[in-house]
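# Architecture at a glance
Now for the letters of each chain:
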Amino acid sequence: MAYVDFITKVHTSTKRNYVERVVEYDKAECAAVAKQYGKDYWDGDRKYGYGGYRYDGRWRAIAEKMAQHYGIKSGDKILDVGCGKGYLLYEFIQAVPGVEIAGIDISEYAIENAKEEVKPFLTVGNAVDLPFPDKSFDFVVSILTLHNLYNYELRQALQEIERVGKQDKYIVVESYRNEAEKVNLLYWQLTCQSFYTPQEWEWFFSKVAIRGIMVVSFSSESRQVESCRLVNSFFNVAENEAIDQFLREGYIIFDLEDSSLLNAIRKNIYQSAVELLGDRTQLDEEDFFDKTHEIISIKDLNDFRVKSIARMNQDKSLRPSIYALGKKYIDWLVGNELAMQRNCNLSVQFPKDDSSLLPLHSDVWSGNSPYEVVFWLPFVNCYRTKSMFILPRHESEAVFRNFKQYSHLTSEDFYLKIQEKLVWLEVKYGQGVIFSHSLLHGNRINNEPDTRWTMNVRFKSLLSPYGTKELGESFLPITMRPATRIGYNYIKPEC
């Protein structure tokens, strides 16, 4: 699910006195009036709703940005679910002459008092039963409407939006991120029935099969989009989607662009293993990595792994090849001036082997910089316990905020306490993973029938803070730009 912000500027332009709404007025009475969605709600006293919802041109910039982002062109059909008086739809026909519009709103008053230019295209109705044929619209938008439905109505409304839309949908809903924002939302809202955190909204949308959706959830304290949702317009759509996923989950799985490089790296490791094992190597390259446990004993595994790592890192082409495999996503997520770990590491885990376990941990706890990421590269298909687990970003940060309740636990009890929230990564050969090693992660006994082979190496922004593993010691610069070189060596003249 992607996140794009078009409406923060409009949404924050209105001042709100949260406390006044519950102290100065009978909040329950005001809410009852507001839910009639009549004149009082739209154009009556502020205590009942908008306090005067009039056209002022503020939606023009939003329509233009949406049209540009989604490539809306003449002839496209746009639906606004919860259109109110139709101001956004009016701006669409101004921004993109020739588009066809339709709007639906539960308020008869809003439709009767809509902007005259769009009134013929607006309908009184409910989001749970859209009166349009399947796949009627190229773009469906719904801003600050769906949270006014009960949770049992939300699924139906989303399914209706999916039914009538062809591809792109943009939805904005209210949310809260902490107790203060929850209180503000409760104080301010008059019609909101569904109160969810951003993570709960994500979960809900993930349960409904809806394509091409972009969602923004607003908190009630600052009225700002959650900081990790902001999308930089200097990035293209693909970059924004990758950035959003990484900020949301703390990791991203992606297809490698050059399979020949990956195959060459694996072939070199196989040939090195043949030299180390001699006559014991009875498997061809295709079978070797999955079946290594058939020709090497557990007691010899670590010695074999250490020697393999040493031989592997003697290859001067290894690090440039590894970077090339992940370059696009590393540059998107970390930057284009990079430091890379001096040596790459290999992990080899046999079935049922408990000698190479990595307990639940965060690498930052051992002195690594939180600005580092790990590029995790499998040489076999990794799944279930033949892989690694990670605790997604919002879950890891929740643990860190409340760590006192976990700090006394053993590593095993710690794992058991949060295991239901852990995600086992499914990564095929030909894919890679980039994850923030500040998040909780690890592995368990490999209960699958085959051996796991993976490589990992760390990257970080060259100029970001270092931990105990410093530049020149554990990290080497790989993409320092000339302007940085000149600036780094600048000597201020002394008078």
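Please refer to the structure placed before this passage.
Throughout, a residue's number is its position along its own chain's written sequence, starting from 1. Only residues with pLDDT of at least 70 are given local features in this predicted model, and only at 80 or more are side-chain atom pairs given and counted; all residues enter the totals for whole chains, interfaces and linings. The basis for every side-chain value is the complete set of heavy atoms in the structure, and neither hydrogens nor water enter the calculation.

### Brief notes about the overall build of the protein
- Helices and strands together make up the secondary structure of the protein, namely 18 helices and 16 strands.
- Here the protein, with 495 residues, has 51% of them falling under the buried criterion.
- Of all intrachain contacts in the protein linking residues separated by at least 6 positions in sequence, the fraction that spans at least 24 positions is 78%.
- Note on areas: Shrake-Rupley, 1.4 Å probe, and residue coverage restricted to the protein chains presented here. A total accessible area of about 23900 Å² is found for the protein, and carbon and sulfur atoms account for 49% of it.
- For the protein, the distance from the average site of its 60 positive side-chain charges to the average site of its 68 negative ones is 3 Å. In DSSP terms, a helix is any run of H or I states spanning at least four residues, a strand is any run of E spanning at least two, and both are numbered starting from the N terminus. Buried, partly exposed and exposed residues are distinguished by accessible area as a fraction of the type maximum, computed with a 1.4 Å probe on protein chains only: under 20%, between the cut-offs, and over 50%, respectively. Residues count as neighbours in contact if any of their non-hydrogen atoms are within 4.5 Å of one another. When charges are tallied, Lys and Arg are placed among the positive residues and Asp and Glu among the negative ones, while His and the ends of the chain are skipped. Where a charge sits is defined by one atom per residue type, namely NZ (Lys), CZ (Arg), CG (Asp) or CD (Glu).

### Regarding the packing of helix α8 (residues 151-164) against helix α10 (residues 198-206)
- Note on geometry: axes are C-alpha line fits, over the in-contact stretch for helices, and angles between N-to-C directions span 0 to 180 degrees. Between α8 and α10, whose axes approach to 11 Å, the crossing angle comes to 50°. Taken together, the axis directions place α8 and α10 in an arrangement best described as oblique. The element α8 and its partner α10 pack so that their crossing is right-handed. For the pair α8 and α10, the contacting residues are Asn-151, Leu-154, Arg-155 and Leu-158 in the first and Trp-201, Phe-204 and Phe-205 in the second.
- For this scheme, ten residues count as nonpolar: Ala, Val, Leu, Ile, Met, Phe, Trp, Tyr, Cys and Pro. Four count as charged, namely Asp, Glu, Lys and Arg, and the remainder, Gly too, count as polar. Looking at side-chain class alone, the contact of α8 with α10 contains 5 nonpolar, 1 polar and 1 charged residues. Angular relationships are summarised with four words: roughly parallel below 35 degrees, roughly antiparallel beyond 145, roughly perpendicular across 65 to 115, and oblique for the angles in between. Crossing chirality is assigned from the near helix's rotation relative to the far helix, an anticlockwise turn below a right angle marking it left-handed and a clockwise turn marking it right-handed.

### Looking at the packing of aromatic side chains
- Put simply, two rings from Phe, Tyr or Trp (the six-membered ring, in Trp's case) pair if the centres are within 6.5 Å, and we call them stacked under 30 degrees between planes, edge-to-face over 60, tilted for the rest. For the coordinates displayed, the defined rule picks out 32 aromatic pairs.
- With a centroid separation of 5.5 Å and an interplanar angle of 90°, the aromatic rings of Tyr-55 and Tyr-90 are classed as edge-to-face. Residue Tyr-55 is found in the loop between α4 (39-43) and α5 (60-70), and its partner Tyr-90 is found in helix α6 (residues 87-95); the two are separated by 35 residues along the sequence.
- A residue is classified by how much of its surface remains accessible, and Tyr-55, at 34% relative accessible area, is partly exposed.
- Seen in terms of ring centroids, Tyr-70 and Phe-139 are 4.6 Å apart; in terms of plane orientation they differ by 35°. Their pairing is tilted. Of the two residues, Tyr-70 sits in helix α5 while Phe-139 sits in strand β4 (residues 137-143), which places them 69 residues apart along the sequence.
- Judged by its relative accessible area of 13%, Tyr-70 is buried.

### Brief notes about the sheet that holds strand β12 (residues 423-424)
- For two strands to count as paired, DSSP must find a minimum of two bridges between them. With antiparallel pairing, 3 strands are arranged side by side in an open sheet as β12-β11-β14. Looking at which strands have only one partner, the edges of the open sheet turn out to be β12 and β14 (441-442).
- Alignment of strand β11 (residues 389-390) against β14, held across 2 bridges, turns out to be antiparallel. Across the sheet, Phe-389 pairs through a bridge with Gly-442, a residue of β14.

### Observations concerning the nonpolar core
- Ranked by size, the top nonpolar core spans 57 residues in total, and within it Phe-288, Ile-322, Phe-375, Ile-434 and Met-455 carry the most contacts.
- Considering every element that reaches this core, the biggest residue donor is helix α15 (residues 318-333), with 8 residues.
- The residues touching Phe-288, leaving out its near neighbours within four places in the chain, are Tyr-270, Ala-273, Leu-277, Leu-283, Ile-295, Phe-304 and Trp-453.
- Formed by 40 residues, the second largest nonpolar core is a distinct cluster that contains Val-33, Tyr-53, Ile-62 and Tyr-109. By nonpolar core is meant a set of buried Ala, Val, Leu, Ile, Met, Phe, Trp, Tyr and Cys residues that side-chain atoms within 4.5 Å join together.

### Details of the environment of Lys-469
- Within the element layout of this structure, Lys-469 appears in the loop between β15 (452-461) and β16 (475-477).
- Residues Lys-469 and Lys-115, spaced 354 residues apart in sequence, show a C-alpha to C-alpha distance of 63 Å.
- Excluding anything up to four places from it in sequence, Lys-469 contacts Gly-367, Asn-368, Ser-474 and Phe-475.

### Digging into the pattern of salt bridges
- Here, a salt bridge means any side-chain nitrogen of Lys or Arg that lies within 4 Å of a carboxyl oxygen of Asp or Glu. Inspection of the entire model under this criterion finds 27 salt bridges.
- A salt bridge links Glu-285 to Lys-267; its shortest N-O distance comes to 3.9 Å. In this pair, Glu-285 is assigned in helix α13 (residues 285-288) and Lys-267 in helix α12 (residues 259-277), connecting sequence segments 18 residues apart.
- What makes Lys-267 partly exposed here is its relative accessible area of 40%.
- The salt bridge involving Glu-448 is made with Arg-384; its shortest N-O contact spans 3.4 Å. With Glu-448 in the loop between β14 and β15 and Arg-384 in the loop between β10 (372-378) and β11, this pair connects stretches of sequence that are 64 residues apart.

### Topic: the state of the cysteines
- Throughout, a disulfide means two cysteine sulfur atoms within 2.5 Å of one another. Summed over the entire model, instances satisfying the criterion amount to 0 disulfides.
- Cys-83 carries a free sulfur, and the closest cysteine sulfur to it, the one in Cys-192, is 19 Å from it.
- Judged by relative accessible area, Cys-83 falls into the buried class, the value being 6%.
- Sulfur of Cys-192: no disulfide; nearest cysteine sulfur belongs to Cys-30 and is 16 Å away.

### Re the packing of α12 against α15
- Between α12 and α15, the shortest axis-to-axis distance is 9 Å and the interhelical angle comes to 145°. Relative to α15, α12 is oriented so that their crossing is left-handed. Where α12 approaches α15, its residues Leu-261, Leu-262 and Ile-265 are matched on the opposing element by Leu-318, Ser-321, Ile-322, Ala-324 and Leu-325.
- A breakdown of the residues in the contact of α12 with α15 according to their chemical character gives 7 nonpolar, 1 polar and no charged.

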